[in-house]
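Read off the chains here:
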Amino acid sequence: MNMASPHELTGLLLAWNGGDHDALDKLTPFVYDELHRLAKRYMGGERANHTLQATAVINEAYLRLIDWRNVRWQNRAHFVGVAANLMRHVLVDYARSRAYTKRGGANIRITLHDALLASKEKNVELLDLDRALSRLENIDPRKAKIVELRFFGGLTLDETAEALNVSPNTVSNDWNFAKTWLLRDMSHDA
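Residues numbered from 1 in each chain as written. Predicted model: local features only at pLDDT ≥ 70, side-chain atom pairs only at ≥ 80, totals over all residues. Heavy atoms only, no water.

**Concerning the overall build of the protein**
For the protein, the count of helices and strands is 8 helices and 2 strands. Going from N to C terminus, the protein has its helices and strands arranged as α-α-α-α-β-β-α-α-α-α. The long-range fraction of contacts in the protein, counting pairs at least 24 apart against all pairs at least 6 apart in sequence, stands at 65%. A total accessible area of about 10000 Å² is found for the protein, and carbon and sulfur atoms account for 51% of it. (Helix = DSSP H or I, 4+ residues; strand = E, 2+ residues; numbered from the N terminus. Contact = heavy atoms within 4.5 Å. Areas by Shrake-Rupley, 256 points an atom, 1.4 Å probe, with all protein chains shown as cover.)

**Thoughts on the environment of Glu159**
Here Glu159 lies in helix α7 (residues 157-164). Glu159 sits 83 residues away from Arg76 along the chain, and the two C-alpha atoms are 8.8 Å apart. Filtering out sequence-adjacent residues up to four positions away, Glu159 remains in contact with Arg76, Ala77 and Gly154. In terms of polar contacts, Glu159 uses its side chain to reach the backbone amide nitrogen of Thr156, at 2.9 Å. (Polar contact = N/O pair within 3.5 Å; in protein donor to acceptor, adjacent residues only side chain to side chain.)

**Thoughts on the packing of helix α6 (residues 141-152) against α7**
Relative orientation of the contacting elements α6 and α7 amounts to 130 degrees, with a least axis distance of 10 Å. With respect to their mutual orientation, α6 and α7 come out oblique. Note on packing geometry: the crossing formed by α6 with α7 is right-handed. The segment α6 lies against α7, with Arg142, Lys145, Ile146, Leu149 and Arg150 engaging Leu157, Thr160, Ala163 and Leu164. Split into classes, the residues belonging to the contact of α6 with α7 amount to 5 nonpolar, 1 polar and 3 charged. (Axes fitted to C-alpha atoms, helices over the stretch in contact; angles between N-to-C directions. Parallel < 35°, antiparallel > 145°, perpendicular 65-115°, else oblique. Left-handed = near helix turned anticlockwise from the far one by under 90°. Nonpolar A, V, L, I, M, F, W, Y, C, P; charged D, E, K, R; others polar.)

**A closer look at the packing of aromatic side chains**
Overall, the coordinates contain 0 aromatic pairs when judged by the stated rule. Here the guanidinium or amino end of Lys143 rests over the ring plane of Phe177, the centre of that ring lying 5.1 Å away. (Phe/Tyr/Trp six-rings, centres within 6.5 Å; stacked < 30°, edge-to-face > 60°. Lys NZ or Arg CZ within 6 Å of the ring centre and 35° of its normal.)

**Section: the pattern of salt bridges**
For the coordinates displayed, the defined rule picks out 6 salt bridges. Residue Asp128 is joined to Arg131 by a salt bridge in which the shortest nitrogen-to-oxygen separation is 2.5 Å. Taken together, the residues span about one helical turn, with Asp128 and Arg131 both in helix α5 (residues 126-139) at a distance of 3 residues. Exposure remark for Asp128: the relative accessible area of 27% places this residue in the partly exposed category. Under the relative-accessibility criterion, Arg131 is labelled partly exposed at 40%. (Salt bridge = Lys/Arg side-chain N within 4 Å of Asp/Glu carboxyl O. Buried < 20%, exposed > 50% of the residue type's maximum accessible area, 1.4 Å probe, protein only.)

**Considerations on the environment of Leu157**
Mapped onto the secondary structure, Leu157 falls in helix α7. Judged by relative accessible area, which is 29%, Leu157 ranks as partly exposed. Taking the C-alpha atoms as reference, Leu157 lies 9.0 Å from Ser167; in sequence the two are 10 residues apart. What Leu157 contacts, discounting residues up to four positions off in sequence, is Arg150, Val171 and Ser172.

**Here we look at the nonpolar core**
Formed by 49 residues in total, the largest nonpolar core has its most connected members in Phe79 and Leu182. Elements with a minimum of two residues in this core: α1 (6-17), α2 (21-43), α3 (54-66), α4 (76-101), α5, α6, α7 and α8 (168-189). Ignoring anything within four residues of it in the chain, the contact list for Leu182 reads Leu129, Ala132, Leu133, Leu136 and Val147. (Core = buried A, V, L, I, M, F, W, Y, C linked by side-chain atoms within 4.5 Å.)

**Comments concerning α6**
One turn of an α-helix holds 3.6 residues; hence residues three or four places apart share an orientation. With 12 residues, α6 extends 15 Å from end C-alpha to end C-alpha; this agrees with the ideal 16 Å at 1.5 Å per step. In terms of burial, α6 is a largely internal element, 9 of the 12 residues being buried. Every buried residue belonging to α6 is among Lys143, Ala144, Ile146, Val147, Glu148, Leu149, Arg150, Phe151 and Phe152, and all of these are buried. (Expected span 1.5 Å × (residues − 1).)

Okay, structure coming up:
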């Protein structure tokens, strides 16, 4: 299936908002493709014997996303932001359940790619990142949202700026600050 253009996806989301039931049928393959892209990004850094499969992540996120009946979709960036948040929660819920099952030995490790380039330890625990991101959210919600959109959603600077209605320069500055803050915060936890 070809990926929908941002304009096409936005049009379908807005039509669905307006009560066009056919729009949901047309939107479903694009939603699945977008969730697949996000799950592939998440699961790409996982160890080979990881017990959570991308398909399970996609299915759980899709079920949670479809339950969001009262969302007033704005555009593709807004959708990806919501999907990224849901995907983050699916992975964190799974990591928590595994940590409870095996006292700390089964936490999900993720590769933060360019999110933590300055870090000597590129693999961090998902639960540690989630806790640090929650602390950042208490201090500066916009910076935390930028990390979620960029890292978990894979949005570009421009897409993130569009989703948050700020300039790309603001996103760039906040992104750089947030990466440094998260590195510092997580290194204090270690």
